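# Geometric and topological summary
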Amino acid sequence: MVGRPLLLLVTVITTLGACEIARTDDTVAGSDARTTDVAGIVRLSAPADSEIPSGALGESIRRGRALLAATPDSLPHNVGGQLRCTSCHLDDGTRVNAAPLVGVYARFPQFRDRSNSVATIQDRVNDCFERSMNGRALASDSREMRDIVAWLAFLSRGIPVHRDSTPRGIPLLAAMTPDTAAGRAQFTTTCAACHGMEGQGTPAGPPLWGPKSYNIGASMARLRTAASFIKYNMPNDRPGTLTAQQAFNLAAYVNSHARPDLAGKENDWPRGDAPSDVPYATRGRSTGN
Ligand code: HEC
Ligand code: HEC
């Protein structure tokens, strides 16, 4: 459903900028080589397909990759909308500033403020199933979870455990006061062609709000996370063309719409340390914004 825009981007890059592709090999692990294209997009190199082992492990790795790229079709009981994992973890989880998954296996287990507990990588994958995918957790011992973990571990090959040697997450922009009306006007001209006037999604872009999108408990439902993702990565065919203020305006407009609820969300950040842009009340912090 979404191959075309990326293909277009690759075509533009190939024709305009083949000679401008830069490589840096200044980090510890061989698999942390990066490429930067003309649009300023930085990608981490995933291990080559030729490194996928033969036999059962290799088959599991390949199935895991396919699950992340075709999540709603492959796991209809666990996905509540139309997003796939790679709707946000762009370029098969290799894109810096789009929560890259290269190296992610080396960052777990990890303490998480939101749950006030130590999360395994399976727990973290299930957080995205229950929130970003508005779906249901996979059993940790299911074949599908083993396949996803096998793929994430393969993507993290050669990266030292708990050394934080690869970029992670979506670096947060400094908070700004958004202008939601300006965001609406800009959405019409800059985003609606792919995501639909009603944010419902089209063949060229996934849903941004409504019943088929991420739910209220997803990180993307937070203003700063969405603004930062949009600033670095959207519009998909021209990333890097928006100012931070425009990204905040757009994020506020996108997140001003109704989306699915998440049962038990008030139990998040049980120590009362919810960030100020969490859009719902939690125990210990009474107001969302
Ligand atoms: C709506 C967008 C969205 C979708 C869809 C989504 N995620 Fe995420 N995911 C995020 C965000 C945002 C983060 C947190 C990034 C941060 O910490 O800055 C994240 C974090 C993660 C992490 C931890 C990354 C790290 O470096 O700690 C894993 C693993 C992960 N997601 C897996 C998945 C899987 C598997 C799926 C599909 C089942 C999925 N995600 C779907 C937005 C999404
Ligand atoms: C050329 C088509 C295109 C345009 C224009 C575009 N997007 Fe996207 N957008 C995509 C695609 C495609 C993805 C998912 C990437 C994938 O599946 O590989 C995406 C993903 C997203 C996501 C994360 C997934 C989700 O559905 O929540 C957000 C948020 C988003 N876009 C917001 C915007 C905003 C805001 C604008 C306007 C500034 C915009 N996009 C413009 C194509 C587009």
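The preceding data block contains the structure.
Residues numbered from 1 in each chain as written. Chains lettered and ligands numbered in written order. Predicted model: local features only at pLDDT ≥ 70, side-chain atom pairs only at ≥ 80, totals over all residues.

## Observations regarding the overall build of the protein chain
Looking only at helices and strands, the protein chain features 10 helices and 5 strands. When the 289 residues of the protein chain are sorted by exposure, 40% land in the buried category. Excluding contacts between residues fewer than 6 apart, the proportion of contacts in the protein chain whose partners are at least 24 apart in sequence is 63%. (Helix = DSSP H or I, 4+ residues; strand = E, 2+ residues; numbered from the N terminus. Buried ≥ 20, exposed ≤ 12 C-beta atoms within 10 Å, placed from the backbone. Contact = placed C-beta atoms within 7 Å.)

## A closer look at the packing of helix α2 (residues 56–69) against helix α6 (residues 143–155)
Between α2 and α6, the shortest axis-to-axis distance is 7 Å and the interhelical angle comes to 95°. Classified by the interaxial angle, the pair formed by α2 and α6 is roughly perpendicular. Contacts between α2 and α6 involve L57, S60, I61, R63, G64, R65, L67 and L68 from the former and E144, R146, D147, I148, A150, W151 and F154 from the latter. (Axes fitted to C-alpha atoms, helices over the stretch in contact; angles between N-to-C directions. Parallel < 35°, antiparallel > 145°, perpendicular 65-115°, else oblique.)

## Description of the site of ligand 2
Taken together, 30 residues are adjacent to ligand 2, and C191, C194, G205, P235 and N236 come closest. When grouped by side-chain class, the residues that make up the shell around ligand 2 number 22 nonpolar, 7 polar and 1 charged. Residues from two domains meet in the shell around ligand 2; each of domain 1 (47–155) and domain 2 (171–289) gives at least three. (Near = placed C-beta within 6 Å. Nonpolar A, V, L, I, M, F, W, Y, C, P; charged D, E, K, R; others polar. Domains from an automatic or database assignment.)

## Let's talk about the site of ligand 1
The immediate surroundings of ligand 1 are formed by 25 residues, with C85, C88, C128, S132 and G169 found nearest. For the shell around ligand 1, the leading source of residues is helix α5 (residues 121–130), giving 4 residues. Here the residues of the shell around ligand 1 are counted per class, giving 15 nonpolar, 7 polar and 3 charged. Residues from two domains meet in the shell around ligand 1; each of domain 1 (47–155) and domain 2 (171–289) gives at least three.

## A short note on unusual backbone geometry
A cis amide bond, omega -5°, links F108 with the succeeding residue P109. Along the chain, P109 falls in the loop between α4 (90–93) and β4 (110–112). The omega angle of the peptide bond from M234 to P235 is -10°, so this bond is cis rather than trans. Examined against the element boundaries, P235 turns out to sit in the loop between α9 (223–233) and α10 (244–254). For D92, which is not glycine, the phi dihedral falls at a positive 55°.

## Side note on the nonpolar core
Judged by nonpolar contacts, the single largest core of 54 residues is most densely connected at I148, W151, L152, A226, I230 and A251. For W151, the contacting residues outside a window of four places in its chain are I61, G64, R65 and L68. (Core = buried A, V, L, I, M, F, W, Y, C linked by C-beta atoms within 7 Å.)

## As for the environment of R124
Of note, R124 is situated in helix α5. Its 17 C-beta neighbours within 10 Å are what place R124 among the partly exposed residues. Spatially, the C-alpha atoms of R124 and Q110 are 9.2 Å apart, while their sequence positions differ by 14 residues. Those residues in contact with R124 that sit more than four places away from it in its chain are F108 and A119.

## Considerations on α6
Taking 1.5 Å of rise per residue, the 13 residues of α6 would be expected to cover 18 Å, and the 18 Å separating its terminal C-alpha atoms lies within 8% of that figure. What α6 keeps buried is the set M145, D147, I148, V149, A150, W151, L152, F154 and L155. Against α2, α4 and α5 lie the buried residues of α6. (Expected span 1.5 Å × (residues − 1).)

## Details of α2
An α-helical turn contains 3.6 residues, so any two residues separated by three or four positions project in the same direction. Compared with the 20 Å implied by 1.5 Å per residue over 14 residues, the 20 Å span of α2 between its first and last C-alpha is a close match. Buried residues of α2: S60, I61, G64, R65, L67 and L68, and no others. The buried residues of α2 all sit within an arc of 160° when viewed along its axis, so they share a single face. The inward-facing, buried residues of α2 contact α3 (71–74), α4 and α6. (Arc of directions from axis to C-beta.)

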